[in-house]
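What the coordinates show
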Amino acid sequence: MAPSALARILLHRAPTPRLARPFAAKARASRRSQEPELPSEEESDFAGGEVAAPTEGISKPLAEVLKELGKRVPDSLVKTRIEDNGFAIKYIPWHIVNKILNIHAPEWSGEVRSIVYSSDGKSVSVVYRVTLHGIDAEVYREATGTASIDDTSYGDPVQKAEAMAFRRACARLGLGLHLYHEDMS
């Protein structure tokens, strides 16, 4: 391939990917030139419309990323599950947490650190690490999730334990943390 043809391919910019609406609107005018116009909190239900995901200039200071993730997630994105004992648990589905991270911390990474089955074979635990990368620093948090092997509703037990660990690690970074404190007030 000719050098000029290769340069054209490398310099060709793909169209901006489209994502569902984020959970919090950005208010700072100084960042509007770098980021797409985001909907207001009242409009952000992930049910309609799309916004462009930023693809350049996405590096931000870590404090700014953590501030964005620490905002309250609208009730429209929060689901409720009723446990066997009748207790209602509020949670944010893992795919919504993933989208929020992609929008507000696009340079995040995550990994399963371990998968351990209990000695009696009745449960599985997963340790998940989420790392946020800022232009000035990076931070990671790990959390565990455990699921019963017998519970086969909504996917397999390892998937459930991983999703739980992922959400908890994100909560340790501030995303959805308010859900853990609502019952205390």
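Residues numbered from 1 in each chain as written. Predicted model: local features only at pLDDT ≥ 70, side-chain atom pairs only at ≥ 80, totals over all residues. Heavy atoms only, no water.

In the annotation of an unreviewed UniProt entry, the protein chain is listed under the name SnRK1-interacting protein 1 and assigned to Digitaria exilis.

What about the overall build of the protein chain?
In plain terms, the rule: Numbering of helices and strands runs from the N terminus; a helix is a DSSP stretch of H or I covering at least four residues, while a strand is a stretch of E covering at least two. Working definition: with a 1.4 Å probe on protein chains only, accessible area under 20% of the residue-type maximum means buried, over 50% means exposed, and in between means partly exposed. The contact rule is simple, with two residues in contact once any of their heavy atoms fall within 4.5 Å.
Looking only at helices and strands, the protein chain has five helices and seven strands in total. Along the chain direction, N to C, the helices and strands of the protein chain fall in the order α-β-β-α-β-β-α-β-β-β-α-α. Relative to its full complement of 185 residues, the protein chain shows a buried share of 35%. For the protein chain, restricting intrachain contacts to residue pairs at least 6 apart in sequence, the fraction spanning at least 24 positions comes to 57%.

As for the packing of aromatic side chains
Test applied: The pairing test for Phe, Tyr and Trp rings, Trp by its six-membered ring, is centres within 6.5 Å, and the orientation test on the planes gives stacked under 30 degrees, edge-to-face over 60, and tilted for anything in between.
This model, assessed by the stated rule, comprises two aromatic pairs. Ring plane angle 35° and centroid distance 5.8 Å describe the contact between Trp-108 and Phe-166, whose orientation is recorded as tilted. Of this pair, Trp-108 sits in the loop between α3 (94–104) and β5 (109–117) while Phe-166 sits in helix α4 (residues 157–172), placing them 58 residues apart in sequence. Assigned by exposure class, Trp-108 and Phe-166 land together as buried. Both rings, one in Tyr-128 and one in Phe-166, keep their centres 5.4 Å apart while their planes meet at 75°; by these two values the pair is edge-to-face. With Tyr-128 in strand β6 (residues 123–133) and Phe-166 in helix α4, this pair connects stretches of sequence that are 38 residues apart. Site record: aromatic cluster; members linked through ring pairs are Trp-108, Tyr-128 and Phe-166.

Examining the packing of helix α2 (residues 62–69) against α3
So the rule is basically this: Between the N-to-C directions of two axes lies an angle of 0 to 180 degrees, each axis being a line fitted to C-alpha atoms and, for a helix, fitted only over the stretch in contact. Handedness of a helix crossing follows the sense of rotation of the near helix relative to the far helix, less than a right angle counterclockwise being left-handed and clockwise being right-handed. Amino acids outside the nonpolar list (Ala, Val, Leu, Ile, Met, Phe, Trp, Tyr, Cys, Pro) and the charged list (Asp, Glu, Lys, Arg) are all regarded as polar, and Gly is one of them.
Where α2 contacts α3, the axes come no closer than 10 Å and their chain directions differ by 145°. The handedness of the crossing between α2 and α3 is right-handed. Of the residues in α3, those in contact with Val-65, Glu-68 and Leu-69 of α2 are Ile-100, Leu-101 and His-104. Looking at the contact of α2 with α3 residue by residue, the classes come out as four nonpolar, one polar and one charged.

Describing the pattern of salt bridges
How we decide: Here, a salt bridge means any side-chain nitrogen of Lys or Arg that lies within 4 Å of a carboxyl oxygen of Asp or Glu.
Counted by the stated rule, this structure contains six salt bridges. Across the pair Glu-68 and Lys-71 runs a salt bridge, and its minimum N-O distance is 3.4 Å. Of the residues examined, Glu-68 reaches a relative accessible area of 6% and is grouped as buried. Put simply, Glu-142 and Arg-129 hold a salt bridge, and the shortest N to O gap is 2.7 Å. In this pair, Glu-142 sits in strand β7 (residues 138–148) while Arg-129 sits in strand β6, placing the two residues 13 residues apart along the sequence.

Topic: the pairing of strand β4 (residues 88–91)
Cut-off, in case you're wondering: Two strands make a pair as long as DSSP finds a minimum of two bridges between them.
In the sheet, strand β3 (residues 79–82) pairs with β4 via four bridges, with the strands oriented antiparallel. Each bridged residue has a counterpart across the sheet, and for Arg-81 the counterpart in β4 is Ile-89. Connecting the antiparallel pair β3 and β4 is a turn made up of five residues, with Gly-86 showing a positive phi of about 90°.

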